[in-house]
Structures are given as C-alpha cells and as structure tokens.
Amino acid sequence: MRTEKLSEHRPKWRCVAKLSGWRSACAVFLLCAATAAASPAQTFKTLVDFNGRNGAFPGSVVQGTDGNFYGTSEGGASSNCFVAGGCGTVFKLTPNGALTTLYNFCAQPNCADGGFPSAELVQATDGNFYGTTFSGGSGSNLTICGSLGCGTVFKLTPAGALTTLYNFCAQANCSDGANPRAGLVQATDGIFYGTALDAGNTTCNAPFGCGTIFKITRAGNFATLHRFDSTEGTCPAAGLLQAIDGNFYGTTTSGGGCNGSVFKITPGGKLTTLSLGVAAPSGLVQAADGNFYGTTYFGGTGNYGTVFKITPNGTLTTLYSFCAQTKCTDGAFPYVGLIQATDDNLYGTTSYGGTFGPGTVFKTNSAGTLTTLHNFDSTDGNQPAWLVQGTDGAIYGTTSKGGAAHHGTVFSLSVGLGPFVETRPTSGKVGANIIILGNNLTGTTSVTFNSTAATFTVVGSSEITTTVPVGATSGTVQVTTPGGTLLSNVAFQVKP
C-alpha cells in the first residue's frame, strides 16, 4: 500500500443521494496511511467476515432481548440492484458468531421496500425492529435522491417479515426530508424520532436541502418536526438522543455545503442551536455526569478530529485532538460517536490512523486521557463504526471494510468488564412496563429498583419483564440470579 500523509486526504462531503460502487453517498473517501509498527494485543475476536453473499459493508449492531445482535449491511445478498453485490440486508448474529440473514432489500420491484440501509436498528417495546433505508421506497426526486428512491422507515419482525411504514419525499418538494442515514430512537412517549440528511427546506443549500427532523408512530403516522436552514447547522447524518430532561439532542455534519452544529429540540419541535461549527456527523452520548460527549471528524490540533464535551447549556470543551502521536498511531478522523461503558469510560473508534492505518478502538475518560485498545490491520477490519457494550460486558462493533473478503466484519473486544443488566426503557412512571435484558437470568430471585422490590417474570435466559414498583425512586436496578447480583448499566429514572 502506498504510504501517504493523512493530511493530504480530507473528506469529500456532498450530501447527495448518489451511490458509488457498493457505498452510498455522504461517505468519506480517504486513503489509509500505512506503517510497519506492531500493535499491542487485546482480547479481540472477529465474529463474522462479510463476503458479499451474506452481506457487505455493515453498519452498527444492537443487542436484542433474545441476547443476539441485530444489524444492517449496505450491500450483499440481493441481485436486484444496479449496483453489483445487492441492496443490503438485515442480519442476526449470535454472540458466538453464527450469522442469519433476516431480510434482503430490493426484494420488491424498483426497490419499493427500500435499499442500502446504513443505520442501526432499534428494538421497540413491541419486540419488533425499526429502522431506515438511505434509498429505495416509492418517494422519488431525481435531483435530490437519484434514481433509486429517497429512503424509507421500516418495521421488521424478529422472524424477518418487513413492513414499509413511510416513504420519504412523499410530500411536495420533498418537504418531509430525504435519504435518512441514521437510525431511530423510541422516546418515552412510545413514538420514534429521527433525522433525514437531505431535502426539507430546499431553498437552503439548493437544490438538495438541509435535512429534517421527524417523528413517526408504530402505525406509520409521520410528522416533520423541523426543517433545517443555513443558520442552524445542516445535513443531520446522525440520530437523536433523548436526554434525561426529555429533550432530544443531536448533531449536523460539516463540509461540502453542510454546516456542522450541536442542537437541542423539544418533542414539540422547538430547536435551539447549542454550538455552531462543530464537524460532528456522529451524534452524542449523555454520560453519567449529565454532560454530552461526542467526536468531530475534523478540527483539533492538525485538523484530524477530536473528542469533545458539551454541557446542556452549550459550553463546548475539546478533550482530545487526534494525531497527537507520531504518524497518527493514536488514530485519526473519528467518524462515529462514543458509548459510555460500565466502567464510566467512553469508548469509540477512529476510521483511520493507528499503528497500521485502518483505524483504532480507543477509550477515554471525561478528562480526555486516551488509551488505544486495538489497532486494525485490514485483515481484522478497516474503518470501524459504532460500538455497543453487550450485557456480557464485552464491546461489540463492526468495520465497514476489511476482513478476509474485504467486505467488513463484526468483532468483539473483551476489556475486562463484567456482565450487567440493561433496562428498556431507562425511565418510566410507577406501573410502567419494563424489559430487563441480561445473561443467565434463569432462576432470578429478586428485582429491585433502587432497593424497592418489584414483581417480575423471567421470560428466558436473557429477558425479564417487570413494572416500576410503587415507592421506587431513581437509581440502580438490581437483579439477583443464582450466579450472582447484576446491576443496571445506567441509573433508572423514575418519572413523576
């Protein structure tokens, strides 16, 4: 591989719904820098090598209530697209690496069922998975979306039955938005909220538009909450986060006519720009300290990207600037956001740099002290994406390229963290139905909400159903099993 300086390759952004090869637009086209240094080993395991037939170019994964992981891939499997390799899949993956394809997109004529899903799924309280596709569907606008449609919102049962809930660009001049690149969040009101990268106010960044924020019910009732203009930040490529205060927080992209920002929006649609000029296509996480953390693709010393903190009132602090080490061995250009694991550290990935060039997995504390955990070398993946912590304590993630067949991978990384339980949702009123996700839950003898006992039903080894008990207060959920006591990864918030 030709060795080049990372500074020679800045992202070539253009928020247009065209496709190049198997990759959809608004991707970043950079070349890797390669070095010959060795990388310290971590407990790392490749679970799946995508090969085109079983999918290609995966997005992030989420853990289902059955303990398995579910995700999407942008290519592979179907042969009905004009792009060689197919129109994308939804897959299921066991923690041991057994892969099952649940759905092949473009199974319907003219990709009416959607195509090229690039975003994470969300498993709703009804047990089904909900997501978006970047292209496909019946909505059409050749200028904004190209020839394959403007994207969809879909529902998929765990058995693989797909229902299209909404087709973008269904309204005049695509005022509802087009080309969603991010997934959905199910809010405490049970409604899904999301972003569309393009369209909306097409007089902004004409003719492509600046993107929208929307909400949609499980029945497919759709409403546009906000249409971005040039003063607020434009082209939201990341999804939304519902914070403890009930409002949604998110980011917009930067470059190629897109203006980066961090914003807050109420469930009613009132938007406040918290910070402008932040090149953050990656979204936010709210940490236990109440502040929001994220990454920028540009910026910082040398313009290789940063880790940042922003308070709910908009005070922005840069915690770390990438490429602080020789030859960017600490990583460069983090394209996705962070997660907070059960050790309170923040974990993320860089899409380039590291010892070998194809990116890293790192952790940092809230003060910005960064540790590289894994250096990718292309054989085990290239350009890593979002991470998720499984209830077994391990970190799981994907790479969009690399692996044995160069079509991406799913991996696990053990960093010595123990098992825990996760509540879905993480807040609710007394009497609200709650699902508890974990491992080895059979034989559970006790469930408490901040020390208040709750009635519960063990559905299986990975799932418990319960209700918020009378007298419960906000705090840790504790589950007592034959194997020991498991604590929730975040404090459960009891709503008034």
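If you're wondering where the values come from, they're calculated on a predicted model, not measured in any experiment.

Asker: Run through the pattern of salt bridges, naming residues and quoting values.
Answerer: Taken as a whole and assessed by the stated rule, the structure comprises 2 salt bridges. Arg218 is the salt-bridge partner of Asp126, the closest N and O atoms lying 3.7 Å from each other. Pair noted here: Asp126 is in the loop between strand E8 (122–123) and strand E9 (129–133) and Arg218 is in the loop between strand E14 (212–216) and strand E15 (222–227), with a separation of 92 residues, a long-range link. Relative accessible area serves as the criterion here: at 30%, Asp126 is assigned to the partly exposed category. Close ionic contact of Arg424 with Glu422 constitutes a salt bridge, the shortest N to O distance being 3.0 Å. Overall, Glu422 belongs to the buried group, its relative accessible area being 19%.

Asker: How would you summarise the state of the cysteines if you had to cite specific residues and measurements?
Answerer: Inspection of every chain in the model, using the stated rule, returns 6 disulfides. Across the disulfide, Cys106 is cross-linked to Cys111 (sulfur-sulfur distance 1.6 Å). Across the disulfide from Cys106 to Cys111, rotation about the S-S bond amounts to roughly 95°, and the bridge is consequently right-handed. Each member of the pair, Cys106 together with Cys111, is buried. Across the disulfide, Cys145 is cross-linked to Cys150 (sulfur-sulfur distance 2.0 Å).

Asker: I'd like to hear about unusual backbone geometry, residue by residue, with values.
Answerer: Residue Ala206 is joined to Pro207 through a cis peptide bond whose omega torsion reads 0°. Tracing the backbone through its elements, the reader meets Pro207 in the loop between strand E13 (192–196) and E14. Note that the residue after Arg424, namely Pro425, is joined by a cis bond; omega there is -5°. Looking at where Pro425 falls in the secondary structure, it is placed in the loop between strand E31 (422–424) and strand E32 (427–428). Despite not being glycine, Cys106 has its phi angle at roughly 65°, a positive value. Of note in this structure, Cys328 is not a glycine but carries a positive phi near 60°. With respect to the helices, strands and loops of the structure, Cys328 is situated in the loop between strand E23 (316–321) and strand E24 (339–340).

Asker: Requested: an account of the sheet that holds E24, with residues and values cited.
Answerer: Here we have 4 strands laid out as an open sheet, ordered E24-E25-E26-E27, and antiparallel in their pairing. Single-partner strands in this sheet number two, and they are E24 and strand E27 (370–375). Where strand E26 (residues 360–364) lies against E27, 5 bridges are found, and the strand directions are antiparallel. Paired with Thr360 across the two strands is Asn375, which belongs to E27.

Asker: Residues and numbers for the packing of aromatic side chains, please.
Answerer: Each pair of aromatic rings is reported with the distance of its centres and the angle of its planes. The final tally for this structure, using the stated rule, is 25 aromatic pairs. Ring geometry for Phe228 and Phe263: centres 5.4 Å apart, planes at 65°, overall edge-to-face. Taken together, the residues Phe228 in the loop between E15 and strand E16 (241–242) and Phe263 in strand E18 (residues 261–265) connect sequence positions 35 residues apart. The class for Phe228 is buried, based on a relative accessible area of 0%. Exposure remark for Phe263: the relative accessible area of 0% places this residue in the buried category. One aromatic cluster is present, built from ring pairs that chain together Tyr297, Phe298, Tyr304, Phe333, Tyr335 and Tyr352. Cation over ring: Arg181 sits above Phe134, and NZ or CZ is 5.0 Å from the ring centre.

Calculation notes
Residues numbered from 1 in each chain as written. Predicted model: local features only at pLDDT ≥ 70, side-chain atom pairs only at ≥ 80, totals over all residues. Heavy atoms only, no water. Salt bridge = Lys/Arg side-chain N within 4 Å of Asp/Glu carboxyl O. Helix = DSSP H or I, 4+ residues; strand = E, 2+ residues; numbered from the N terminus. Buried < 20%, exposed > 50% of the residue type's maximum accessible area, 1.4 Å probe, protein only. Disulfide = S-S within 2.5 Å. Pairing = 2+ DSSP bridges. Phe/Tyr/Trp six-rings, centres within 6.5 Å; stacked < 30°, edge-to-face > 60°. Lys NZ or Arg CZ within 6 Å of the ring centre and 35° of its normal.

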